[in-house]
Amino acid sequence: MWMSATLPVPAGLLRMGYNELTIEVGRAIPDCQAPGNAWDELLFRHVRLVREDGAASRALASMPLLHTQGEQVVKSDHSVTITVVFDNNTLRPGLATAWGFSTVVQHGGRTVLFDTGGDGQMLLANMAALGFTPRDLDVIVLSHDHADHTGGLEAVLEQNAQVTVYLPQAFRSGFKERVRALGAQVTEVTGPLEIAPGLWSTGHMGGSIIEQGLVLQTGDDLVVITGCAHPGIVEMVRKASEVGQADVSLVMGGFHLSGASTATMQGVVSGLDELGVARVAPCHCTGPDATRLFAAVFGERYQRCGVGLVLQQDE
(Lines give C-alpha, C1' and ligand atoms only; values in the text may rest on other atoms or scores of the structure.)
Protein backbone atom coordinates (compact mmCIF):
# COMPACT_ATOMS: atom_id res chain seq x y z
CA MET A 1 0.00 0.00 0.00
CA TRP A 2 1.36 3.40 -1.00
CA MET A 3 1.57 6.03 1.72
CA SER A 4 2.02 9.75 1.30
CA ALA A 5 3.36 12.60 3.35
CA THR A 6 3.31 16.24 2.35
CA LEU A 7 4.49 17.33 5.81
CA PRO A 8 6.45 15.47 8.49
CA VAL A 9 3.88 13.15 10.10
CA PRO A 10 4.32 12.01 13.71
CA ALA A 11 4.32 8.21 13.52
CA GLY A 12 1.84 8.02 16.38
CA LEU A 13 -0.85 9.60 14.19
CA LEU A 14 -0.76 6.75 11.68
CA ARG A 15 -2.61 3.50 12.20
CA MET A 16 -2.49 0.18 10.34
CA GLY A 17 -5.11 -0.14 7.64
CA TYR A 18 -5.33 3.58 6.94
CA ASN A 19 -3.70 4.92 3.81
CA GLU A 20 -4.05 8.70 3.84
CA LEU A 21 -3.65 11.55 6.29
CA THR A 22 -5.77 14.65 5.73
CA ILE A 23 -4.77 17.88 7.46
CA GLU A 24 -7.19 20.80 7.70
CA VAL A 25 -6.31 24.27 8.96
CA GLY A 26 -7.96 25.41 12.18
CA ARG A 27 -7.15 25.42 15.86
CA ALA A 28 -3.98 23.91 17.30
CA ILE A 29 -3.72 20.31 18.46
CA PRO A 30 -1.02 20.34 21.18
CA ASP A 31 0.00 16.72 20.64
CA CYS A 32 1.09 17.61 17.10
CA GLN A 33 3.50 20.29 18.26
CA ALA A 34 6.95 19.03 19.18
CA PRO A 35 10.08 21.21 19.46
CA GLY A 36 11.86 21.41 16.12
CA ASN A 37 8.94 19.89 14.24
CA ALA A 38 7.77 21.75 11.12
CA TRP A 39 4.23 21.24 12.35
CA ASP A 40 4.90 23.96 14.97
CA GLU A 41 4.28 26.54 12.27
CA LEU A 42 0.79 25.30 11.46
CA LEU A 43 -2.60 25.20 13.17
CA PHE A 44 -4.99 22.31 12.73
CA ARG A 45 -8.70 21.84 13.21
CA HIS A 46 -8.60 18.08 12.99
CA VAL A 47 -6.68 15.16 11.58
CA ARG A 48 -8.68 12.66 9.55
CA LEU A 49 -7.37 9.18 8.77
CA VAL A 50 -8.99 7.75 5.65
CA ARG A 51 -9.46 4.01 5.69
CA GLU A 52 -8.66 2.12 2.50
CA ASP A 53 -11.58 0.38 0.84
CA GLY A 54 -11.50 -3.29 -0.07
CA ALA A 55 -10.86 -2.75 -3.78
CA ALA A 56 -7.93 -0.44 -3.16
CA SER A 57 -6.53 -2.83 -0.58
CA ARG A 58 -6.53 -5.69 -3.02
CA ALA A 59 -5.08 -3.58 -5.82
CA LEU A 60 -2.29 -1.84 -3.96
CA ALA A 61 0.90 -3.59 -2.95
CA SER A 62 1.55 -4.12 0.77
CA MET A 63 3.49 -1.37 2.50
CA PRO A 64 4.44 -0.45 6.07
CA LEU A 65 3.62 2.85 7.70
CA LEU A 66 5.55 5.91 6.60
CA HIS A 67 7.84 6.97 9.40
CA THR A 68 9.47 10.37 9.67
CA GLN A 69 12.34 11.80 11.60
CA GLY A 70 12.30 15.58 11.65
CA GLU A 71 11.74 16.48 8.01
CA GLN A 72 13.47 13.41 6.58
CA VAL A 73 11.65 10.24 5.58
CA VAL A 74 13.19 7.22 7.30
CA LYS A 75 13.32 4.45 4.71
CA SER A 76 13.91 0.74 5.08
CA ASP A 77 16.83 -0.80 3.20
CA HIS A 78 14.52 -2.12 0.48
CA SER A 79 12.11 0.69 -0.28
CA VAL A 80 11.12 2.92 -3.16
CA THR A 81 10.64 6.60 -2.39
CA ILE A 82 9.34 9.18 -4.85
CA THR A 83 9.61 12.88 -3.98
CA VAL A 84 8.18 15.60 -6.21
CA VAL A 85 10.67 18.49 -6.26
CA PHE A 86 9.29 20.70 -9.07
CA ASP A 87 5.73 21.29 -10.20
CA ASN A 88 3.22 24.08 -10.75
CA ASN A 89 1.25 22.77 -7.76
CA THR A 90 2.49 22.61 -4.18
CA LEU A 91 1.48 20.56 -1.16
CA ARG A 92 3.88 22.03 1.36
CA PRO A 93 4.48 25.60 2.57
CA GLY A 94 7.85 27.15 1.71
CA LEU A 95 8.40 25.33 -1.59
CA ALA A 96 8.48 27.29 -4.84
CA THR A 97 6.27 26.48 -7.82
CA ALA A 98 6.57 27.11 -11.54
CA TRP A 99 5.42 25.46 -14.74
CA GLY A 100 7.31 22.19 -15.16
CA PHE A 101 7.95 18.89 -13.45
CA SER A 102 10.73 17.02 -11.66
CA THR A 103 10.84 14.19 -9.16
CA VAL A 104 13.55 12.33 -7.24
CA VAL A 105 13.25 8.54 -7.25
CA GLN A 106 15.18 6.43 -4.73
CA HIS A 107 15.11 2.87 -5.99
CA GLY A 108 17.39 -0.12 -5.50
CA GLY A 109 20.12 1.91 -3.85
CA ARG A 110 20.17 4.46 -6.68
CA THR A 111 18.92 8.03 -6.70
CA VAL A 112 17.37 9.12 -9.99
CA LEU A 113 16.22 12.58 -11.01
CA PHE A 114 13.37 12.36 -13.52
CA ASP A 115 13.13 15.66 -15.42
CA THR A 116 14.57 18.89 -14.05
CA GLY A 117 11.75 21.43 -14.14
CA GLY A 118 12.09 24.77 -15.87
CA ASP A 119 14.31 26.73 -13.46
CA GLY A 120 17.61 25.52 -12.06
CA GLN A 121 17.81 27.67 -8.95
CA MET A 122 14.22 26.88 -8.00
CA LEU A 123 14.88 23.18 -8.51
CA LEU A 124 18.00 23.27 -6.32
CA ALA A 125 16.19 25.23 -3.61
CA ASN A 126 13.28 22.77 -3.52
CA MET A 127 15.62 19.80 -3.54
CA ALA A 128 17.55 21.25 -0.60
CA ALA A 129 14.34 21.92 1.33
CA LEU A 130 13.34 18.30 0.79
CA GLY A 131 16.71 16.90 1.82
CA PHE A 132 18.50 16.36 -1.51
CA THR A 133 21.57 17.76 -3.23
CA PRO A 134 22.79 17.17 -6.81
CA ARG A 135 25.64 15.11 -5.34
CA ASP A 136 23.08 12.51 -4.26
CA LEU A 137 22.16 11.76 -7.87
CA ASP A 138 23.38 8.73 -9.84
CA VAL A 139 21.17 9.03 -12.91
CA ILE A 140 19.11 11.72 -14.65
CA VAL A 141 16.27 10.78 -16.99
CA LEU A 142 14.71 13.41 -19.24
CA SER A 143 11.25 12.71 -20.60
CA HIS A 144 11.23 15.03 -23.61
CA ASP A 145 12.91 18.06 -25.14
CA HIS A 146 10.83 20.86 -23.64
CA ALA A 147 12.34 23.59 -21.46
CA ASP A 148 9.91 23.07 -18.58
CA HIS A 149 11.38 19.57 -18.17
CA THR A 150 15.03 20.27 -18.99
CA GLY A 151 15.59 23.83 -17.79
CA GLY A 152 17.13 22.85 -14.46
CA LEU A 153 19.62 20.36 -15.88
CA GLU A 154 22.60 22.69 -16.24
CA ALA A 155 22.33 23.89 -12.63
CA VAL A 156 22.36 20.27 -11.45
CA LEU A 157 25.29 19.25 -13.65
CA GLU A 158 27.32 22.24 -12.49
CA GLN A 159 27.28 20.66 -9.03
CA ASN A 160 27.43 17.01 -10.10
CA ALA A 161 28.45 15.99 -13.61
CA GLN A 162 29.31 12.42 -12.55
CA VAL A 163 25.97 11.12 -13.76
CA THR A 164 24.53 9.46 -16.82
CA VAL A 165 21.77 11.41 -18.54
CA TYR A 166 19.22 9.23 -20.34
CA LEU A 167 17.33 11.14 -23.01
CA PRO A 168 15.41 10.27 -26.18
CA GLN A 169 17.59 10.17 -29.27
CA ALA A 170 15.24 12.75 -30.80
CA PHE A 171 16.64 15.50 -28.55
CA ARG A 172 18.37 18.33 -30.39
CA SER A 173 22.02 17.60 -31.15
CA GLY A 174 23.07 20.92 -29.64
CA PHE A 175 21.40 20.01 -26.34
CA LYS A 176 23.19 16.66 -26.20
CA GLU A 177 26.52 18.31 -27.01
CA ARG A 178 26.00 20.82 -24.20
CA VAL A 179 25.30 18.02 -21.70
CA ARG A 180 28.50 16.23 -22.71
CA ALA A 181 30.44 19.49 -22.52
CA LEU A 182 29.33 19.85 -18.91
CA GLY A 183 30.96 16.48 -18.20
CA ALA A 184 28.01 14.10 -18.00
CA GLN A 185 27.65 10.87 -19.93
CA VAL A 186 24.75 10.76 -22.36
CA THR A 187 22.77 7.65 -23.24
CA GLU A 188 20.45 8.16 -26.20
CA VAL A 189 17.31 6.10 -25.85
CA THR A 190 15.37 4.64 -28.76
CA GLY A 191 13.60 1.42 -27.77
CA PRO A 192 12.71 0.23 -24.26
CA LEU A 193 15.81 0.19 -22.09
CA GLU A 194 16.71 -1.20 -18.69
CA ILE A 195 18.50 1.62 -16.87
CA ALA A 196 19.14 -0.50 -13.77
CA PRO A 197 17.57 -3.65 -12.31
CA GLY A 198 13.87 -2.94 -11.91
CA LEU A 199 14.14 0.47 -13.60
CA TRP A 200 13.29 1.01 -17.27
CA SER A 201 12.59 3.57 -19.93
CA THR A 202 9.52 2.97 -22.05
CA GLY A 203 11.66 3.96 -25.02
CA HIS A 204 10.69 6.41 -27.77
CA MET A 205 6.97 7.05 -27.93
CA GLY A 206 4.91 9.54 -29.89
CA GLY A 207 5.11 11.28 -33.24
CA SER A 208 5.65 15.03 -33.40
CA ILE A 209 6.78 15.10 -29.76
CA ILE A 210 8.96 12.16 -28.75
CA GLU A 211 8.78 11.23 -25.09
CA GLN A 212 9.89 8.48 -22.74
CA GLY A 213 8.37 7.45 -19.42
CA LEU A 214 10.08 6.00 -16.35
CA VAL A 215 8.99 2.56 -15.14
CA LEU A 216 9.83 1.28 -11.65
CA GLN A 217 9.35 -2.19 -10.29
CA THR A 218 7.92 -2.15 -6.77
CA GLY A 219 7.35 -5.66 -5.49
CA ASP A 220 5.11 -7.44 -7.98
CA ASP A 221 3.78 -4.22 -9.52
CA LEU A 222 4.98 -1.20 -11.47
CA VAL A 223 4.99 2.55 -11.06
CA VAL A 224 4.91 4.75 -14.16
CA ILE A 225 6.11 8.37 -14.06
CA THR A 226 5.50 10.67 -17.00
CA GLY A 227 6.63 14.19 -17.78
CA CYS A 228 3.75 15.33 -20.00
CA ALA A 229 2.51 12.10 -21.63
CA HIS A 230 2.34 13.74 -25.06
CA PRO A 231 2.05 10.28 -26.71
CA GLY A 232 -1.05 9.63 -24.56
CA ILE A 233 -1.04 8.52 -20.94
CA VAL A 234 -3.08 5.37 -21.63
CA GLU A 235 -0.68 4.33 -24.39
CA MET A 236 2.33 5.03 -22.15
CA VAL A 237 0.91 2.95 -19.30
CA ARG A 238 0.11 0.10 -21.67
CA LYS A 239 3.69 0.22 -23.00
CA ALA A 240 5.12 0.36 -19.48
CA SER A 241 3.17 -2.74 -18.51
CA GLU A 242 4.66 -4.56 -21.51
CA VAL A 243 8.18 -3.38 -20.68
CA GLY A 244 7.99 -4.28 -16.98
CA GLN A 245 5.79 -7.34 -17.59
CA ALA A 246 3.54 -6.56 -14.63
CA ASP A 247 0.45 -4.60 -13.64
CA VAL A 248 0.69 -0.89 -12.87
CA SER A 249 -0.06 0.09 -9.28
CA LEU A 250 0.56 3.83 -9.62
CA VAL A 251 0.72 6.39 -12.44
CA MET A 252 1.96 9.88 -11.63
CA GLY A 253 3.12 13.03 -13.41
CA GLY A 254 1.73 15.18 -16.20
CA PHE A 255 -1.10 13.60 -18.23
CA HIS A 256 -1.40 16.40 -20.86
CA LEU A 257 -5.15 16.89 -20.50
CA SER A 258 -5.27 20.64 -19.83
CA GLY A 259 -7.86 22.07 -22.23
CA ALA A 260 -8.96 18.62 -23.45
CA SER A 261 -12.60 17.94 -24.23
CA THR A 262 -14.80 16.26 -21.65
CA ALA A 263 -15.05 13.19 -23.88
CA THR A 264 -11.26 12.97 -24.14
CA MET A 265 -10.84 13.28 -20.38
CA GLN A 266 -13.49 10.66 -19.71
CA GLY A 267 -11.86 8.32 -22.21
CA VAL A 268 -8.47 8.64 -20.50
CA VAL A 269 -9.89 8.13 -17.01
CA SER A 270 -11.81 5.06 -18.19
CA GLY A 271 -8.80 3.78 -20.11
CA LEU A 272 -6.52 3.84 -17.06
CA ASP A 273 -9.22 2.24 -14.92
CA GLU A 274 -9.71 -0.52 -17.50
CA LEU A 275 -5.95 -1.15 -17.55
CA GLY A 276 -6.21 -1.92 -13.84
CA VAL A 277 -4.26 1.09 -12.63
CA ALA A 278 -4.62 1.01 -8.85
CA ARG A 279 -3.77 4.63 -8.05
CA VAL A 280 -3.24 7.91 -9.92
CA ALA A 281 -1.33 11.06 -8.95
CA PRO A 282 -1.86 13.57 -11.79
CA CYS A 283 -0.15 16.96 -11.77
CA HIS A 284 1.64 19.52 -13.99
CA CYS A 285 -0.18 19.65 -17.37
CA THR A 286 -3.10 17.41 -16.41
CA GLY A 287 -5.32 20.45 -15.85
CA PRO A 288 -7.85 21.18 -13.11
CA ASP A 289 -10.87 19.73 -14.91
CA ALA A 290 -9.20 16.39 -15.59
CA THR A 291 -7.76 16.32 -12.08
CA ARG A 292 -11.24 16.76 -10.58
CA LEU A 293 -12.55 13.97 -12.79
CA PHE A 294 -9.77 11.62 -11.67
CA ALA A 295 -10.54 12.47 -8.05
CA ALA A 296 -14.25 11.77 -8.57
CA VAL A 297 -13.79 8.46 -10.41
CA PHE A 298 -10.81 7.03 -8.54
CA GLY A 299 -11.94 8.22 -5.11
CA GLU A 300 -9.48 7.11 -2.43
CA ARG A 301 -7.27 5.77 -5.21
CA TYR A 302 -6.62 9.37 -6.29
CA GLN A 303 -3.49 11.00 -4.81
CA ARG A 304 -3.20 14.77 -4.83
CA CYS A 305 0.20 15.62 -6.33
CA GLY A 306 2.56 18.59 -6.27
CA VAL A 307 5.88 19.83 -4.91
CA GLY A 308 6.53 18.24 -1.53
CA LEU A 309 4.65 15.00 -2.14
CA VAL A 310 6.55 11.99 -0.79
CA LEU A 311 5.43 8.46 -1.67
CA GLN A 312 7.09 5.40 -0.22
CA GLN A 313 6.61 1.69 -0.67
CA ASP A 314 8.57 -1.37 0.41
CA GLU A 315 9.88 -3.46 -2.46
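Look above for the structure.
Residues numbered from 1 in each chain as written. Predicted model: local features only at pLDDT ≥ 70, side-chain atom pairs only at ≥ 80, totals over all residues. Heavy atoms only, no water.

Engineer: Would you take a moment to explain the packing of aromatic side chains for this structure?
Structural biologist: In this description, an aromatic ring pair is defined by two values, namely the gap between the centres and the angle between the planes. Scanning the model with the defined rule gives three aromatic pairs in all. Their ring planes at 70 degrees and their centres at 5.4 Å tell us that phenylalanine 255 and phenylalanine 294 sit as a pair that is edge-to-face. Taken as a pair, phenylalanine 255 in the loop between strand S16 (248–254) and helix H7 (262–274) and phenylalanine 294 in helix H8 (residues 288–298) lie far apart in primary sequence, 39 residues in all. Residue classification places phenylalanine 255 among the buried positions, given a relative accessible area of 2%. (Phe/Tyr/Trp six-rings, centres within 6.5 Å; stacked < 30°, edge-to-face > 60°. Helix = DSSP H or I, 4+ residues; strand = E, 2+ residues; numbered from the N terminus. Buried < 20%, exposed > 50% of the residue type's maximum accessible area, 1.4 Å probe, protein only.)

Engineer: Just to check I follow, could you spell out the side chain of aspartate 87 for this structure?
Structural biologist: Topologically, aspartate 87 is positioned in the loop between strand S6 (79–86) and strand S7 (102–107). Of the side chains bearing the opposite charge, arginine 304 lies closest to the buried aspartate 87, which forms no salt bridge; the N-O distance is 9.2 Å. At 2.7 Å, the side chain of aspartate 87 and the side chain of asparagine 89 are in polar contact. (Lys, Arg positive; Asp, Glu negative; His and termini not counted. Salt bridge = Lys/Arg side-chain N within 4 Å of Asp/Glu carboxyl O. Polar contact = N/O pair within 3.5 Å; in protein donor to acceptor, adjacent residues only side chain to side chain.)

Engineer: Looking at this model, I keep getting lost on the packing of helix H6 (residues 233–244) against H7. Mind explaining?
Structural biologist: Two packed helices can be described by the angle between their axes and the distance between those axes. Packing of H6 against H7 brings their axes to within 9 Å, and their N-to-C directions diverge by 15 degrees. In terms of their interaxial angle, H6 and H7 are classed as roughly parallel. Note that H6 runs across H7; the crossing there is left-handed. Contacts from Ile233, Val234 and Val237 of H6 reach H7 at Val268, Gly271 and Leu272. Class assignment for the residues of the contact of H6 with H7 results in five nonpolar, one polar and no charged. (Axes fitted to C-alpha atoms, helices over the stretch in contact; angles between N-to-C directions. Parallel < 35°, antiparallel > 145°, perpendicular 65-115°, else oblique. Left-handed = near helix turned anticlockwise from the far one by under 90°. Contact = heavy atoms within 4.5 Å. Nonpolar A, V, L, I, M, F, W, Y, C, P; charged D, E, K, R; others polar.)

Engineer: Just to check I follow, could you spell out the pattern of salt bridges for this structure?
Structural biologist: Think of it this way: side chains of opposite charge can pair up when their charged atoms draw near. This structure, assessed with the given rule, holds six salt bridges. Where lysine 176 meets glutamate 188, a salt bridge forms, and the shortest distance between an N and an O atom there is 3.0 Å. Of this pair, lysine 176 sits in helix H5 (residues 173–181) while glutamate 188 is found in strand S11 (residues 185–189), placing the two residues twelve residues apart along the sequence. For arginine 301, the salt bridge is made with aspartate 273, and the minimal N-O distance between the two is 3.1 Å. Residue arginine 301 is located in the loop between H8 and strand S18 (310–314), and its partner aspartate 273 is located in helix H7; the two are separated by 28 residues in the primary sequence. When salt bridges that share partners are traced, they join Lys176, Arg180 and Glu188 into one network.

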